[in-house]
Amino acid sequence: MAPKILRFQSEEATAIALAKYIANLSAKSIANHGSFSVVLSGGTLFDTTRKLLEAPYIGSIDWSKWLIFFLDERVVPLDHPDSNYKLAYDGFLSKVPIPESNIYPIKENLSPEEAAEEYEQRLKQLVANGTLKTSPVTGFAKFDLMLVGMGPDGHVASLFCWHFQRFEKQKWVTFITDSPKPPPPRITFTFPLINSASEIALVVVGEEKADAVKVALGEHASYGYPLPVQKVSPEGNLTWFLDNGATSRL
Ligand SMILES: O=C1O[C@H](COP(=O)(O)O)[C@@H](O)[C@H](O)[C@H]1O
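As the structure is a prediction and not an experimental result, all values here were calculated from the model.

Rules used throughout
- Residues numbered from 1 in each chain as written.
- Predicted model: local features only at pLDDT ≥ 70, side-chain atom pairs only at ≥ 80, totals over all residues.
- Heavy atoms only, no water.
- Pairing = 2+ DSSP bridges.
- Helix = DSSP H or I, 4+ residues; strand = E, 2+ residues; numbered from the N terminus.
- Axes fitted to C-alpha atoms, helices over the stretch in contact; angles between N-to-C directions.
- Contact = heavy atoms within 4.5 Å.
- Near = heavy atom within 4 Å.
- Polar contact = N/O pair within 3.5 Å; in protein donor to acceptor, adjacent residues only side chain to side chain.
- Areas by Shrake-Rupley, 256 points an atom, 1.4 Å probe, with all protein chains shown as cover.
- Nonpolar A, V, L, I, M, F, W, Y, C, P; charged D, E, K, R; others polar.
- Buried < 20%, exposed > 50% of the residue type's maximum accessible area, 1.4 Å probe, protein only.

Peer 1: What am I meant to see in the sheet that holds strand β8 (residues 173–176) here?
Peer 2: Spatial ordering of the open sheet is given by β4-β9-β8, a layout of three strands whose pairing is antiparallel. A strand with exactly one partner marks an edge of an open sheet, and here the two such strands are β4 (72–74) and β8. Neighbour to neighbour, the strand axes of the sheet diverge by 20° on average, direction disregarded. One ladder, built from three bridges, connects β4 with strand β9 (residues 186–189); its direction is antiparallel. Residue pairing for β9: E73 is matched across the bridge by I187. Packed onto the sheet, helix α5 (residues 112–128) meets β8 and β9 and runs at close to 165° relative to β8.

Here is the structure:
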């Protein structure tokens, strides 16, 4: 399905629209199958989800039905300043009544390889016991919503331009030990898992990302070697949320 590209006049307008979109999907998923599985990125994304913490959303969303996963994670203790879990906890999860048992951070004290394998096995168990849905197309877990950020170099999750992991076909979760953006050891969802999602919101704000947005969405998007962000192509719907800075070169 063709992506929906939403352009906003400001970061504030982007955040308002994103909250409405997430709240609508939450209500739809819970009415449809009793839960809402959400995959979070790290980085600047949380700031753009801040309107969920305000009325009318904070009081009307059924937070008890949310299930939280991490698109990628830095292999550091969960209370380390570089941890995506800590970022999510401090900025979002500690402010909403999602049961702790519904939040799935990585396990600590494992190597990147072990942490990736452990997370993949945990996802497979959640599919087997019916907590998560499965894609009828790929057989991978099918999340209700992935909130995907993008770096200025066009990377998504911890899938960077020059890493072979972006071509992975079998694994659900993989690892790297040499991330060009610190810290180096990370685990990350693979593209087949990402692209099995029902809905993906690609949230990109700020002028420093305008060049990558131009490569991905500009008139020459089909030329050359694709950026990781160009491999985001879900079975379900893809919606880009872009502010004026991110679209300044389109
Ligand atoms: O390293 C990461 O970078 C991307 C983009 O981060 P941002 O700060 O430029 O928004 C992020 O989506 C990913 O989860 C994170 O680990």
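So that's the structure; there's more coming.
Peer 1: Sorry, what's going on with the site of the ligand here?
Peer 2: Every one of the 15 residues lining the ligand counts as a neighbour, but G42, T44, D72, K181 and K209 are closest to it. At 2.5 Å from an oxygen atom of the ligand is found a side-chain nitrogen or oxygen belonging to D72. Measuring from an oxygen atom of the ligand, one finds a side-chain N or O atom of R74 at 3.0 Å. Look at the ligand: alone it shows 390 Å² of surface, and the protein chains cover 94% of it. Taken together, the residues that form the shell around the ligand break down as two nonpolar, eight polar and five charged.

Peer 1: Could you clarify how one ought to interpret the sheet that holds strand β7 (residues 145–149) in this entry?
Peer 2: Sheets are built from strands that pair by backbone hydrogen bonding, the pairs being arranged parallel or antiparallel. The six strands lie next to each other as β1-β11-β10-β7-β2-β3, forming an open sheet whose pairing is parallel. Because the sheet does not close on itself, it has two edges, and the strands there are β1 (4–7) and β3 (66–70). In this sheet, neighbouring strand axes are inclined to one another by 20° on average, regardless of whether the strands run parallel or antiparallel. Looking at chain direction, β7 and strand β10 (residues 199–204) are connected through four bridges and run parallel. Bridging from a neighbouring strand, G149 pairs with V203 of β10. Contacts from helix α7 (residues 210–217) reach β1, β10 and β11 (237–242) within the one sheet, and its direction differs from that of β11 by about 145°.

Peer 1: For this particular structure, what's the right way to read the environment of N32?
Peer 2: On the secondary structure map, N32 appears in helix α1 (residues 11–33). Owing to a relative accessible area of 61%, N32 belongs among the exposed residues under this scheme. Placed 173 residues apart in sequence, N32 and V205 show a C-alpha to C-alpha distance of 31 Å. A polar atom in the side chain of N32 sits 2.9 Å from the side chain of H33.

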